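Architecture at a glance
The chain contents come next:
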Amino acid sequence: MLIVYHSQSGASALLAAAAREGAEATGGVKVTLRRVWDAGAQDIVAADGLLLVAAENSGGLSGGMKDFLDRTFYPVGERGCVLPCALLVSAGNDGRGAVRQAQRILSGFPMREAVEPVICRGPVTPDLEARASELGAGFAAGLEMGIF
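What you see is a predicted model; the values in this text were computed from it and never measured.

1. A few points about the pattern of salt bridges
- As enumerated under the stated definition, the model contains five salt bridges in all.
- Note that Arg20 is salt-bridged to Glu24, the shortest N-O span being 3.1 Å. In this pair, Arg20 and Glu24 are both assigned in helix α1 (residues 11-26), four residues apart and thus about one turn of the helix distant.
- Arg20 gets classed as partly exposed once you look at its relative accessible area, which sits at 31%.
- Here Asp38 and Arg35 are joined by a salt bridge, their closest N and O atoms 2.9 Å apart.

What follows is the structure, encoded as C-alpha cells:
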C-alpha cells in the first residue's frame, strides 16, 4: 500500500502518518509513505493500493498533489495498472472542492475509488488523527482481504 501526501503546513503530514500507523497495525500489508515530491509512477505500479493525503488550498486540491497526479498520469496509464485508491483531505474550508477536483483527475487514471473520501476539517486534533488512522486501517484490511 502506497500513501502519498502533500503538506505545506504539516497537517497533511500528520494525517498521513496517522493513516500509516493504522495501516501498519493490520499487519498484513506492506505500507510505504512518500511525499509527493519523492514519489513517482514506479511507486504506484509497485503498490497494491494508493492512499492520497492532500491539502485543500484555495478551495481546490493542493498544487503539489496535482503535480504528482500530472507526472504519473501517462506512465501509470500506459502500464494498465488498475489500483484501488482512497483519498484523505486536510481542509481549512469545507474540502468538497478538493475532493471533486481529485475525483475528476483520478477518473482518468485506471484506478477505482475503494472507499468514500475522508475530509478532516480544521487543525489536526486527536479525533482527526483517529479518523485518518481508521481510514488507513480499513483500506489496508480491504486490500489484505482482496475486497478492493
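2. Some thoughts on the packing of aromatic side chains
- Throughout the structure, instances matching the rule amount to three aromatic pairs.
- Their ring planes at 90 degrees and their centres at 4.9 Å tell us that Phe73 and Tyr74 sit as a pair that is edge-to-face.
- When its relative accessible area of 58% is taken as the criterion, Tyr74 is described as exposed.
- Taking 5.1 Å as the distance between ring centres and 85 degrees as the angle between the ring planes, the aromatic pair formed by Phe73 and Phe109 counts as edge-to-face. On the criterion of sequence distance, the pair formed by Phe73 in helix α3 (residues 63-78) and Phe109 in the loop between α4 (96-106) and β6 (111-113) is long-range, its members being 36 residues apart.

Conventions used here
- Residues numbered from 1 in each chain as written.
- Predicted model: local features only at pLDDT ≥ 70, side-chain atom pairs only at ≥ 80, totals over all residues.
- Heavy atoms only, no water.
- Salt bridge = Lys/Arg side-chain N within 4 Å of Asp/Glu carboxyl O.
- Helix = DSSP H or I, 4+ residues; strand = E, 2+ residues; numbered from the N terminus.
- Buried < 20%, exposed > 50% of the residue type's maximum accessible area, 1.4 Å probe, protein only.
- Phe/Tyr/Trp six-rings, centres within 6.5 Å; stacked < 30°, edge-to-face > 60°.

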